Amino acid sequence: MKLSFHGADLGVTGSCHLIECAGTRILIDCGLFQGGRELDEENEAPFGFNAADIDFVLLTHAHLDHCGRLPLLAKRGFRGTVISTSATRDLARIVLLDSAHLQESEAEYHNKKGARRGEEKHYAPLYNTHDVLHSLDQFTQIVRYDHPVQIASGITATWIDAGHILGSASIVLDLNEAGKRCRLVFSGDLGSDGRKLLRDPAIPPKADVVVMETTYGDRLHKPLDLSIDELYGAIVDTFRRGGNVVIPTFALERTQEILYYLHEGVTQGKLPRSMQVFLDSPMAISATELFRQHSDCCTENAAALLQGKADPFQVPGLHFCRDAADSMAINQFSGGAVIMAGAGMCTGGRIRHHLKHNLWRQNASIVFVGFASVGTLARKIIDGARTVRVLGEDIAVKANIYTINGFSAHADRDELLAWHNHTHATHTFLVHGEEEVMRSFAQLLPAGKVSLPQTGYSVDLATYCHPKKTAKH
Ligand code: ZN
């Protein structure tokens, strides 16, 4: 009975954990490393295990840093089964296809540039659309929340709601090998309480070992209501000045949440009915449609709205822009529009065109509603750059810049701690966080019962087993 760590160790991205029990090998997530050029090398590096030896991949959720290396796993010989909730399977489809498309375009760009310089080196994408289609064929087992599934002899898994994005889960693994029993809980990414679209994370059962995320393990979020008011204030002020509001968005969750608040704002008379809203992201449009199909993953109130006539995403004046021509047509609006486009950190995608057209306008506003890593265009603007380089041009930053931090899809320090307290864990491994954040969160857990594993570290779970007693749900 062995647990080993192959990603998101002393870092945030690339989640991947291997369990070996009773002759079966299971991965919990197989995520992409994201955030910089040097991480491309980490993605290309060997996994640390043989892909062909893996029998199952159990997915917590469809964010790229949790499922983004699945096509690579298939390419390197994985022939087993991917198990997930149905919403995770559907979201993973659009996320992975988008990822392959981005990698193919990037390789093509570098190859063209290299050829013009006379280089002979050929850049290949990490994986292509064909590899993605292959890995999507392996999503052959769908699970429901709170229904234990026997994966193999001696291994039972239960997905419980993590409240992070549509279909997201923590995974409870009950292992039994040679008379020894061990219960592990993988937190996956945990959501924040009190959201309007998704339920609060489920209370985890008691466990022997916990592997948990620590993204925001050192800070508290601003109350949601204050953040919604701040968003409405930014829009009303900008429209009064005659400008546009540009919101760089994350396609999978934040976009739908913002649409929901815009809908509520108009219904409550806090935002003008005449407002034009452009959702300029094919991936976000597809994800919005998936919310309707998987309304059973939402709060009771949101599910009732999604199944009824009062569509919570249907803001008056909402335009879905799938193709490039629709996207370019938005440039005609110099004021009175809310423009939502990806990528959330402005590292690529259509948002760059909208920044080019609005950043230099004094009457415009850019509203950041999510986390921005150091070095990204979003972070440069947030940190007060006077001029930024966008699509090969220097653009003056004259627009009003808002950073609203209460919309996080991650639990904050106190929420993580409360979740962990329910597990009464014998031992906890912290993953998926910056190292200093992890160290700070580790101080809050019982001394001697917490570790910060490095990539490649493995542990014999028998150390934490209780031979006679089995924890009960
Ligand atoms: Zn996530």
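Residues numbered from 1 in each chain as written. Predicted model: local features only at pLDDT ≥ 70, side-chain atom pairs only at ≥ 80, totals over all residues. Heavy atoms only, no water.

Here's the deal with the overall build of the chain
Okay, step 1: Broken down by element type, the chain carries 14 helices and 22 strands.
Okay, step 2: Relative to its length of 473 residues, the chain is compact, with a C-alpha radius of gyration of 23 Å against a globular reference of 23 Å.
Okay, step 3: Dimensions of the chain, computed from C-alpha atoms along their principal axes, come out at roughly 70 × 60 × 40 Å.
Okay, step 4: Looking at the 473 residues of the chain, the share that counts as buried comes to 56%.
Okay, step 5: Sequence-distant contacts in the chain: of pairs separated by 6 or more residues, those separated by 24 or more amount to 74%. (Helix = DSSP H or I, 4+ residues; strand = E, 2+ residues; numbered from the N terminus. Rg over C-alpha atoms; globule rule 2.2 N^0.38 Å. Buried < 20%, exposed > 50% of the residue type's maximum accessible area, 1.4 Å probe, protein only. Contact = heavy atoms within 4.5 Å.)

Remarks on unusual backbone geometry
Okay, step 1: Cis geometry marks the peptide bond from G342 to A343; its omega dihedral reads 10°.
Okay, step 2: Along the chain, A343 falls in the loop between β15 (337–341) and α11 (351–358).
Okay, step 3: Despite not being glycine, A22 has its phi angle at roughly 50°, a positive value.
Okay, step 4: You can see A22 is positioned in the loop between β2 (17–21) and β3 (24–28).
Okay, step 5: For A22, a relative accessible area of 37% translates into the label partly exposed.
Okay, step 6: Its identity as a non-glycine residue notwithstanding, H424 has a phi of 45°, on the positive side.
Okay, step 7: Note on placement: H424 falls in the loop between α13 (413–421) and β20 (427–431).
Okay, step 8: Residue H424 is classed as exposed on the basis of its relative accessible area of 56%.

Some remarks on the sheet that holds strand β13 (residues 276–280)
Whether parallel or antiparallel, the strands of a sheet pair through hydrogen bonds between backbone atoms.
Okay, step 1: Ordered by their spatial adjacency, six strands build an open sheet running β14-β13-β15-β12-β16-β19, and the pairing between neighbours is parallel. The open sheet is flanked by β14 (318–320) and β19 (400–403), the only strands paired with a single partner. Adjacent strand axes in the sheet meet at a mean angle of 20°, parallel and antiparallel pairs treated alike.
Okay, step 2: Bridging between strand β12 (residues 245–248) and strand β16 (residues 365–368) involves two bridges; their strand directions are parallel. Bridging across to β16, V245 finds its partner in S365.
Okay, step 3: Lying over the sheet, helix α7 (residues 254–267) contacts β12, β13, β14 and β15, oriented at roughly 165° with respect to β15.
Okay, step 4: Each of β13 and β14 is contacted by helix α8 (residues 282–293), which is oriented at about 100° to β13, the strand it contacts most. (Pairing = 2+ DSSP bridges. Axes fitted to C-alpha atoms, helices over the stretch in contact; angles between N-to-C directions.)

Considering helix α6 (residues 224–241)
An α-helical turn contains 3.6 residues, so a residue and the one three or four places further along point in the same direction.
Okay, step 1: The end-to-end C-alpha distance of α6 is 26 Å, a good match for the 26 Å that 18 residues give at a rise of 1.5 Å each.
Okay, step 2: All buried positions along α6 are accounted for by L224, S227, I228, L231, Y232, A234, I235, T238 and F239. Mapping the buried residues of α6 onto a view down its axis gives an arc of 155°, with all of them on the same face. Among the exposed residues of α6, those oriented more than 90 degrees off its buried face are D225 and R240.
Okay, step 3: In this structure, the buried side of α6 is in contact with β12, α7, β15, β16 and β19.
Okay, step 4: Positive phi appears at G242, one or two residues downstream of α6, with a value of about 85°. (Expected span 1.5 Å × (residues − 1). Arc of directions from axis to C-beta.)

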